[in-house]
Amino acid sequence: FGFKGCQKIRGPQIRNLLEAKDFFLFDCDGVIWHGENAITGAAKVVSSLIRRGKNVVFVTNNCTRPRENYVHKFYRLGFTDVMLEQIFSSSYCSALYLRDVVKVPGQVFVIGCDGLRRELQEAGIPCVEEADDPDATIYDCALAPDVKAVLVGHDDKLTFLKLAKASCYLKDPECLFLATDNDPWHPLSGGRILPGSGSLTAALEVASGRKATVIGKPSRFMFECISSQFRGVDPAQCLMVGDRLETDMLFGSNCGLDTMLTLTGVSQIEEAQEYRDSDQTTNHSLVPDYVVDTIADFLPAFEE
Ligand code: PLP
Ligand code: CA
């Protein structure tokens, strides 16, 4: 016990923290917006930080859009000063991983939305074309001979055939197994949920007996992408702001960043306190350093 964390901060404490940090990483869904609705005050917070010369980047596990679409979405929701270079999505980082880290020597079989495929194409990664023959089955469909990676992300058109093909490709130990992210589910309005990429990855992990390499939060790779594009970023100068303990707070801890939980999304403060008070020290990396109700709590800090 006595492990620190979960400090609920307000007013002058927020002001001091914002002054002390010069690099802000924001998760998107649950922090900046809910689906198509901006969190009240979030656009003003982002533009105020930028105007004060702070670095601001966005780290999202949502792999369904290419970065250009995010620029449009930010603009549409009132974030008029966000640029492409500030957006780090799990699809963009997956493309960088395939291109620059593993330099994939063949085609990639993608389970995911068109947006993921487009991001890969933009990076010059060859993807297996999906034939849309509704009568094809795993008994008689064609398999591409040079698949060197299976990449799994959120796919709202998932079929049994896609899972079956991916399982076959993964029998080759030289075929890499990657997941854009491992999120279990996402909240929708009205109490409904959307199964996340993690649920699809789990199906393939069982079928293949293998473990996927996760690109998105909480893996450190996203921070490596940020560091390579913003030279000299010092983890001690960063604040990671997110709404989910198992992805955002763990990501921050894994990368040596101070972390802040906002209560506008998935995780509740009670869950964070339980992790804090747990005897299992591995749980402590899920505990935020700071907690605010919403990032709109930053706003008074920008007043003179
Ligand atoms: N993936 C999908 C498909 C989603 O719909 C969402 C949230 O809506 C996410 C991931 C999580 O995004 P973020 O990391 O911005 O919270
Ligand atoms: Ca989130």
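Everything here concerns the structure above.
Here the structure is a predicted model, which means the values were calculated and not measured. (Residues numbered from 1 in each chain as written. Chains lettered and ligands numbered in written order. Predicted model: local features only at pLDDT ≥ 70, side-chain atom pairs only at ≥ 80, totals over all residues. Heavy atoms only, no water.)

J.: An account of unusual backbone geometry is needed here, citing residue identities and associated values.
T.: Going from Lys217 to Pro218, the amide bond is cis rather than trans, its omega being 5°. Inspection of the secondary structure assignment puts Pro218 in the loop between β12 (213-214) and α8 (221-229). Positive phi outside glycine occurs at Cys6, with the angle close to 60°. Along the chain, the position of Cys6 falls in the segment before β1 (7-8). By relative accessible area, which is 7% here, Cys6 ends up buried. One non-glycine residue, Lys103, lies in the positive phi region at around 45°. Secondary-structure assignment places Lys103 in the loop between α4 (90-101) and β7 (107-111). A relative accessible area of 57% places Lys103 in the exposed class. (Helix = DSSP H or I, 4+ residues; strand = E, 2+ residues; numbered from the N terminus. Buried < 20%, exposed > 50% of the residue type's maximum accessible area, 1.4 Å probe, protein only.)

J.: Before we move on, could you go through the packing of aromatic side chains and cite the residues and values that matter?
T.: Under the counting rule described, the total for this entry stands at 10 aromatic pairs. With a centroid separation of 5.4 Å and an interplanar angle of 85°, the aromatic rings of Phe23 and Phe230 are classed as edge-to-face. Taken together, the residues Phe23 in strand β2 (residues 23-26) and Phe230 in the loop between α8 and β13 (238-242) connect sequence positions 207 residues apart. Judged by centre distance (6.4 Å) and plane angle (0°), the ring pair of Trp33 and Tyr70 falls under stacked. (Phe/Tyr/Trp six-rings, centres within 6.5 Å; stacked < 30°, edge-to-face > 60°.)

J.: Explain the coordination of the calcium ion (ligand 2) to me, and be specific about the residues and the numbers.
T.: Taken together, the protein donors to the calcium ion (ligand 2) comprise Asp27 (OD), Asp27 (OD), Asp29 (O) and Asp243 (OD), at separations of 2.2 to 2.9 Å. Mapped onto the polypeptide sequence, the residues donating to the calcium ion (ligand 2) form the spacing pattern D-x1-D-x213-D. Taken together, the residues span a long stretch of sequence, with Asp27 in the loop between β2 and β3 (33-34) and Asp243 in the loop between β13 and α9 (245-255) at a distance of 216 residues. (Donors = N, O, S within 2.8 Å, 3.2 Å for Na, K, Ca; no water.)

It is worth stressing that arrangement in space is one thing and function is another; only the former is reported here.
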